[in-house]
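Breakdown of the fold
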Number of protein chains: 2
Amino acid sequence: MADVARHAGVSIATVSRALRDAAVAPATRERVLRSARELEYVTSPAGSGLSSGRTKTVALVVPFAARWFFSEVIVGAETALREAGLDMLLYNIGRTDRERFFATLPLRRRVDAAIVVASSLTPDQQHQLRSLGIPLSLLGSRIEGFPSVRIDDEHAAATAGRHLVGLGHRRVAMICGDPSNPVGTATTARRRAGFTTAIEAAGICGPEVVEEEWGITGGGRAMGRILGQADLPTAIFAESDEMAFGAMHTLRRAGIGVPDRISVVGVDDHELAMALELTTVAQPVKEQGAAAARALLHQLTDSIPPSNYDRVLPTRLVVRRSSAPPPP
Amino acid sequence: MADVARHAGVSIATVSRALRDAAVAPATRERVLRSARELEYVTSPAGSGLSSGRTKTVALVVPFAARWFFSEVIVGAETALREAGLDMLLYNIGRTDRERFFATLPLRRRVDAAIVVASSLTPDQQHQLRSLGIPLSLLGSRIEGFPSVRIDDEHAAATAGRHLVGLGHRRVAMICGDPSNPVGTATTARRRAGFTTAIEAAGICGPEVVEEEWGITGGGRAMGRILGQADLPTAIFAESDEMAFGAMHTLRRAGIGVPDRISVVGVDDHELAMALELTTVAQPVKEQGAAAARALLHQLTDSIPPSNYDRVLPTRLVVRRSSAPPPP
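Below: a short report on this structure.

Definitions and limits used
Residues numbered from 1 in each chain as written. Chains lettered and ligands numbered in written order. Predicted model: local features only at pLDDT ≥ 70, side-chain atom pairs only at ≥ 80, totals over all residues. Heavy atoms only, no water. Salt bridge = Lys/Arg side-chain N within 4 Å of Asp/Glu carboxyl O. Helix = DSSP H or I, 4+ residues; strand = E, 2+ residues; numbered from the N terminus. Buried < 20%, exposed > 50% of the residue type's maximum accessible area, 1.4 Å probe, protein only. Pairing = 2+ DSSP bridges. Contact = heavy atoms within 4.5 Å. Buried area = accessible area lost by both parts, 1.4 Å probe. Nonpolar A, V, L, I, M, F, W, Y, C, P; charged D, E, K, R; others polar. Least-squares fit on C-alpha atoms with pLDDT ≥ 70 in both.

Side note on the pattern of salt bridges
All told, the structure shown has 30 salt bridges over all chains when counted by the stated rule. Here Arg225 of chain A and Glu212 of chain A are joined by a salt bridge, their closest N and O atoms 3.0 Å apart. A residue pair is termed long-range when its members are at least 10 positions apart, and Arg225 of chain A in helix H9 (residues 216-227) and Glu212 of chain A in strand E7 (residues 208-212) qualify at 13 residues. Its relative accessible area of 14% is what places Glu212 of chain A among the buried residues. With its nearest N and O atoms 3.7 Å apart, the salt bridge here joins Arg253 of chain B to Glu277 of chain A. Here Glu277 of chain A lies in the loop between strand E9 (263-268) and strand E10 (279-282) and Arg253 of chain B lies in helix H10 (residues 241-253), a pairing that spans two chains. By relative accessible area, Glu277 of chain A is classed as buried at 10%. Members of the salt-bridge network, linked through shared partners, are Glu78 and Arg82 of chain A together with Asp97 and Arg100 of chain B.

A short note on the pairing of strand E8 (residues 235-238) of chain A
Residue and element names in this part refer to chain A. Every second residue of E8 is oriented toward a common face, with Ala235 and Phe237 on one face and Ile236 and Ala238 on the other, all of them buried. In the sheet, strand E6 (residues 172-177) pairs with E8 via four bridges, with the strands oriented parallel. Bridge assignment links Val172 to a residue of E8, and that residue is Ala235. Bridge count for E8 against E9 is three bridges, and the pairing is parallel. Bridge pairing in E9 links Ile236 to Val264.

Side note on the interface of chain A and chain B
Taken together, the contact pairs 36 residues of chain A with 35 residues of chain B. Of the roughly 3,300 Å² buried where chain A meets chain B, counting both sides, 51% is carbon and sulfur surface. Here chain A and chain B share six salt bridges between them. Put simply, the parts of the chain that give the side of chain A that touches chain B at least two residues each are helix H4 (68-83), strand E2 (87-92) and helix H10 (241-253) of chain A. At seven residues, H4 of chain A tops the list of elements feeding residues into the side of chain A that touches chain B. Grouping the amino acids of the side of chain A that touches chain B by side-chain chemistry returns 15 nonpolar, seven polar and 14 charged.

What to know about the relation of the copies chain A and chain B
You can overlay chain A on chain B at an RMSD of 0.2 Å; the transform is a turn of 180° with a shift of 0.0 Å along its axis. Both chain copies can therefore be described as sitting about a two-fold axis. In terms of C-alpha distance to the rotation axis, chain A has Leu89 of chain A as its closest residue, with the C-alpha 2.2 Å off the axis.

Structural measurements only, silent on function.
If you want it as structure tokens, here you go:
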């Protein structure tokens, strides 16, 4: 901190105030932050730099802790936090507990920082989170003013679309989670947009989109609805591997060969995708949890506001047996 | 508390001391506890009864948070604790972090109580946990002196064995997790013993047991080792559904029909067991998490030591397409 003070030509107390976002003239604050950035000023969480670190605890707020994606995020975040000497409080707020959580904010004064995972936040909810006055990071979504870690959902879905078009498919359908669910609808919308754009770019009619409750059972039900139609698609894109597993189960029961008659592609690379031979767009999930934790540690230790911090981790197509050219 | 005092014929202060396990003559303490039990004395955690509840936080210690079983436990415990107004700190300590965790006990003075899930604890580790001086409950295992919530692993495995014997199988093998893993070996041993007993009770030679790393990949590898032998079994019992999924994957790739040539049975009723048509011995997992949380709440609120509290939740056979009579 002394180095930063010297570099910026201010007192150590001013540096401390500026880094804490306390009362300092804007120009002075700018100068301190610039110096801190130039000197790559970072303190260790164990050191005195963790001025805001009173509870040594970080909250992880997830909507459905038992789903594969969230359980991987939990492991990634918990491991990174523990390595930094911080504990993790887990708040599992599904559909029904959401309102109560935002109304009461039980994490208030209990944590130094929070990671909020894969949620569509209303402006009110965003305001409530900001009112906590602690560093926050979002995982799986992007909202102006919140540091975030995520994948590019549109790009991931477009990758799946281009793979199917490249194989020669011309009639494709997409299986999505329930849009009435207030959690994760933004993710669904982005994947839907990305897939549709890729399909239409190939001069094909936009995909039929079937919405059912998110998950294995919902995916199976959506596939059943598609099979009830006169004109079957030759390929299915599911917004998650779990919905794809449900779709494959319905196809197996219906005696419809995958990929001989219908190809199936998901998103995730779920731990069972390989065993089920599912072609999918893999996303690094533990890594997103760890990156979101590190984004918070950075805020906690050097107090430099990560202006528009938005880390986008790469996805990649993993081709397995569930996708092939359409039947002749 | 006044009712208990009246019933036991002692002062309220004595009741309070007896319930807190503080200095009280043994006979008096016995009388107070008997009265408390007879009156079904329970205080709400929100009330003053939560005398030991200073942090309003409970630790959940799991070995592998991302595995299906543990992610379900997390949800069950977190939900029950949150309903009681308590937060949950999650400690995910796998193979490598285990020693460090028990050496440093980071949860010390951070929580009012702790749930320790599915671990084989050495006498030293048991001693260290007791040294925390807080209510503890075990989930998935039973150790003298610790309240526990679990299933009867031997019975669950014996159920699978009797199902296969009943179908007419005479050559059976079992797939287990790696015994060098210090976590969960007690579970493996109990399931192995239960299955073996059921098989031998039918007058059949004890099953061949193949050990590989716990999980889908390990299950697949174990099946590969079995397929390399001259004399194939007609049925496989896997100690978990995830190991069974791996085995089924290897069988599919090898072109060996399930159940036409080999039947497969697991334990769990994993969320994907239905989609994969796996016959399994279902265990209630979220319920075990919730029951372990309630066992702690009970200790936190009324301070009555749950002498040998050992709640065993029921399991049941779920027959699906992966099991059938052996080929003629």
